[in-house]
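Per-entry structural report
Each chain, written out:
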Amino acid sequence: MISTNIDYDRPGAQFGTLRLPNSVHRSAYGHIAIPVAVFVNGSGPTVLLTGGVHGDEYEGPVALSRLAREIDVADVNGRIIILPTLNHPAFVAGTRTSPTDGINLNRTFPGKQDGTATEMIAHYVTTELLPRTDCLIDLHAGGSSLQYMPALLAPRWSDPDKTARTEALVAAFAAENVIYFDSVRALSGEDRVLGNYANRHNVDFLTGEFGGGSTVNVAGLAVAERGVRGVLAHLGILPTRLPPAGPVRRLVMDDPGLFAFADRRGYFEPKFVLGQSLEAGALAGLIHDIDIPWADPVPVHFRAGGVAMCIRTYSLVEAGDCLGHLATVLPT
Ligand SMILES: [Zn+2]
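Please read these numbers as outputs of a predicted model, since none were measured by experiment.

1. Focus on the sheet that holds strand β13 (residues 266-270)
One open sheet holds the 4 strands; their spatial order is β16-β15-β13-β18, and the pairing between them is antiparallel. Unpaired on one side and paired on the other, β16 (298-301) and β18 (316-317) mark the two borders of the sheet. Strand direction decides the pairing type here: strand β15 (residues 283-288) and β16, joined by 4 bridges, are antiparallel. Within the sheet, the bridge partner assigned to L283 lies in β16 and is H301.

The structure is reproduced here in structure tokens:
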């Protein structure tokens, strides 16, 4: 149902919108305008760059809108499609999920042509953008409720060709922290995620968590900006002189014991900081009783050991809230 004033095949730079039908009381013939920029020149590959899949993450939108302002299409060999705020209704509201339907875009793929606003966005990505794309970089952060150590997330494959292509992209991105993960499933196990449909369309895929906490992580933004430029240079789409890559720390988060969850409501006092190395069984923090301040707080532990990559920002917790997680460092 989404139309656009962009022609994906027309050479040159175009700044336009995806038009999501939105006939409402204050706007009878209106649409939600999702910003999109496209740069076409020469015969190189197509890269799709997305931010704002979750509307309360800002490093991606900052990085991608700046890139779009800076690209000289004469330098491009191939096609660059940039959507800094893919879930634009959620971005306008500053929320992870869309205010139009309450849905999380990254649990909605492949979407639905005649579905809700978020389902239509997912459907457009699946049917119009992924078939045109060779490589997708989807920039994320922890959003309002989580803060991340900036980290690239790279898929793990059993196929050696895919592994080699991914490793070349990881090297080009040059992030200090690389978490290898199962890109076809969310941490919860469900597979309605963008990475799954990128894979089904044979699109090379990188994502990452570059900060969070409803703000812009300055260090994470720099990692993301350098990384996207590095991949564009690696694919021969945009020539850029980049600083040499530093040492890389490779991590995985396979063990459920790396995650700490609240088992009751209360307010959380963390006992770790991002980047800290913790042993298995280490104290993650204390959950204090809201109504009885002198009640002994309840400890929460990490059952497995690793480096702290993620911490909850909101102190108030309910049973089931993620308090943070660690990742295990792979031997070099
Ligand atoms: Zn996100």
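Once you've had a look at it, read on.
2. Quick notes on the packing of aromatic side chains
Inspection of every chain in the model, using the stated rule, returns 5 aromatic pairs. Taking the centre distance of 5.3 Å and the plane angle of 80° together, the rings of F272 and F302 count as edge-to-face. Separated by 30 residues along the polypeptide, F272 in the loop between β13 and β14 (277-278) and F302 in the loop between β16 and β17 (306-312) bring together distant segments of the chain. Over the ring of W157 we find K162; its NZ or CZ atom is 4.3 Å from the centre of that ring.

3. Quick notes on the domain arrangement of the protein chain
Split by domain assignment, the protein chain resolves into domain 1 (3-252) and domain 2 (256-329). Relative placement of domain 1 and domain 2: their C-alpha centres are 30 Å apart. Contacts between the two partners involve 15 residues from domain 1, matched on the other side by 17 residues from domain 2. Note on domain 1 versus domain 2: buried area summed over both sides is about 1,300 Å², and carbon and sulfur give 70% of it. Taken together, domain 1 and domain 2 are joined by 6 residue pairs in polar contact (both at pLDDT 80 or more). Counting residues per element, the ones that place at least two in the side of domain 1 that touches domain 2 are β7 (146-148), β9 (177-181) and β11 (249-252). Sort the elements by how many residues they give to the side of domain 1 that touches domain 2 and β11 lands first, with 4 residues. Of the residues in the side of domain 1 that touches domain 2, the class split is 8 nonpolar, 5 polar and 2 charged.

4. Quick word on the coordination of the zinc ion
Distances from the zinc ion to its protein donors, namely H54 (ND1), E57 (OE), E57 (OE) and H140 (ND1), fall within the range 2.0 to 2.4 Å. Mapped onto the polypeptide sequence, the residues donating to the zinc ion form the spacing pattern H-x2-E-x82-H. Of this pair, E57 sits in the loop between β4 (46-50) and α1 (59-70) while H140 sits in strand β6 (residues 135-140), and the two are 83 residues apart along the sequence.

5. Some points on the pattern of salt bridges
With the rule as written, the count across this model stands at 15 salt bridges. Where E128 meets R132, a salt bridge forms, and the shortest distance between an N and an O atom there is 3.1 Å. Taking the relative accessible area as the measure of exposure, E128 reaches 33% and is therefore partly exposed. Its salt-bridge partner being R156, residue D254 comes within 2.7 Å of it at the nearest N-O pair. Within this pair, whereas D254 is found in the loop between β11 and β12 (259-261), its partner R156 is found in the loop between β8 (151-155) and α4 (160-173), the two being separated by 98 residues in sequence. Exposure remark for D254: the relative accessible area of 52% places this residue in the exposed category. Where salt bridges share partners, they join R107, E190 and R192 into one cluster.

Cut-offs and rules
- Residues numbered from 1 in each chain as written.
- Predicted model: local features only at pLDDT ≥ 70, side-chain atom pairs only at ≥ 80, totals over all residues.
- Heavy atoms only, no water.
- Pairing = 2+ DSSP bridges.
- Helix = DSSP H or I, 4+ residues; strand = E, 2+ residues; numbered from the N terminus.
- Phe/Tyr/Trp six-rings, centres within 6.5 Å; stacked < 30°, edge-to-face > 60°.
- Lys NZ or Arg CZ within 6 Å of the ring centre and 35° of its normal.
- Domains from an automatic or database assignment.
- Contact = heavy atoms within 4.5 Å.
- Buried area = accessible area lost by both parts, 1.4 Å probe.
- Polar contact = N/O pair within 3.5 Å; in protein donor to acceptor, adjacent residues only side chain to side chain.
- Nonpolar A, V, L, I, M, F, W, Y, C, P; charged D, E, K, R; others polar.
- Donors = N, O, S within 2.8 Å, 3.2 Å for Na, K, Ca; no water.
- Salt bridge = Lys/Arg side-chain N within 4 Å of Asp/Glu carboxyl O.
- Buried < 20%, exposed > 50% of the residue type's maximum accessible area, 1.4 Å probe, protein only.

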